[in-house]
Amino acid sequence: VDDILVQISVANRGANAAAIHLLPSLWFRNTWSWETKDPKPMMEQGPSIGQVQKIKASHPKLGVYWLYSNQPNAVLFTENESNKERLFGVPNDSPYVKDAFHEYLVNDRKESVNPNHKGTKAAFHHFMEVPGGKTAILKLRLNSHGDMTDPLGKDFDAVFAERKQEADAFYQKITPF
């Protein structure tokens, strides 16, 4: 429960190379704006491990988790707050609102993300060109072990393969074909 491995496969079924933007994201559910006045959690960019970037997610009840990704083009941060200006025509509480990643990528508004690399919503921006007929693989890992030296290396592949085999065996029993 405290070590989640993610593998995203991007397949280009066409004959020509194709460009794609991936933004695997992590955010805290916004409860701090409610009447309960829960303490506000925080995410910030952690120190890199070679080519691996990491995001530190600190929550008052859940503790500290780390999200790792290999060679993102950028690490983006904003607040998980509605864009009140767009929705209701009133000023935002923060210049960094939840639709910031869309503004950053689609409308080329680089100022929409927090330049201080912190917030309650974060994403790794991966831009890749996938050759025709090929598949690109992206690995991510979310866990509470911030001291990992190689979070996406051999251990990742071995654990992922083992969990896949376990899942295949489980589903073979309940849905044989």
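Everything below is about the structure printed above this text.
Residues numbered from 1 in each chain as written. Predicted model: local features only at pLDDT ≥ 70, side-chain atom pairs only at ≥ 80, totals over all residues. Heavy atoms only, no water.

A. Representation of the layout of surface pockets within the structure. When its volume is computed, the largest pocket comes out at roughly 350 Å³. Every residue lining the largest pocket is counted, 21 residues in all, and those nearest its centre are W27, F28, R29, H59 and L62. Looking at the lining of the largest pocket, the elements that each hand over two or more residues are β3 (25–27), β5 (52–59) and β6 (63–70). When its residues are assigned to classes, the lining of the largest pocket shows 14 nonpolar, four polar and three charged. (1 Å grid on protein atoms, 1.4 Å probe; cavity = no way out; pocket = protein on both sides within 12 Å on 5 of 7 lines; lining within 4 Å. Points joined across faces, edges and corners; volume = space filled by probe spheres on them. Helix = DSSP H or I, 4+ residues; strand = E, 2+ residues; numbered from the N terminus. Nonpolar A, V, L, I, M, F, W, Y, C, P; charged D, E, K, R; others polar.)

B. Representation of the sheet that holds β6. Spatial ordering of the open sheet is given by β1-β10-β6-β5-β4-β8, a layout of six strands whose pairing is antiparallel. With one partner strand each, in any of the chains shown, β1 (3–11) and β8 (118–119) form the two edges of the open sheet. The pairing of strand β4 (residues 42–49) with β8 spans two bridges and is classified as antiparallel. The residue of β8 that forms the bridge with E44 is K118. Packing of helix α3 (residues 154–174) onto the sheet brings it into contact with β1 and β10 (135–143), and relative to β1 it is tilted by some 90°. (Pairing = 2+ DSSP bridges. Contact = heavy atoms within 4.5 Å. Axes fitted to C-alpha atoms, helices over the stretch in contact; angles between N-to-C directions.)

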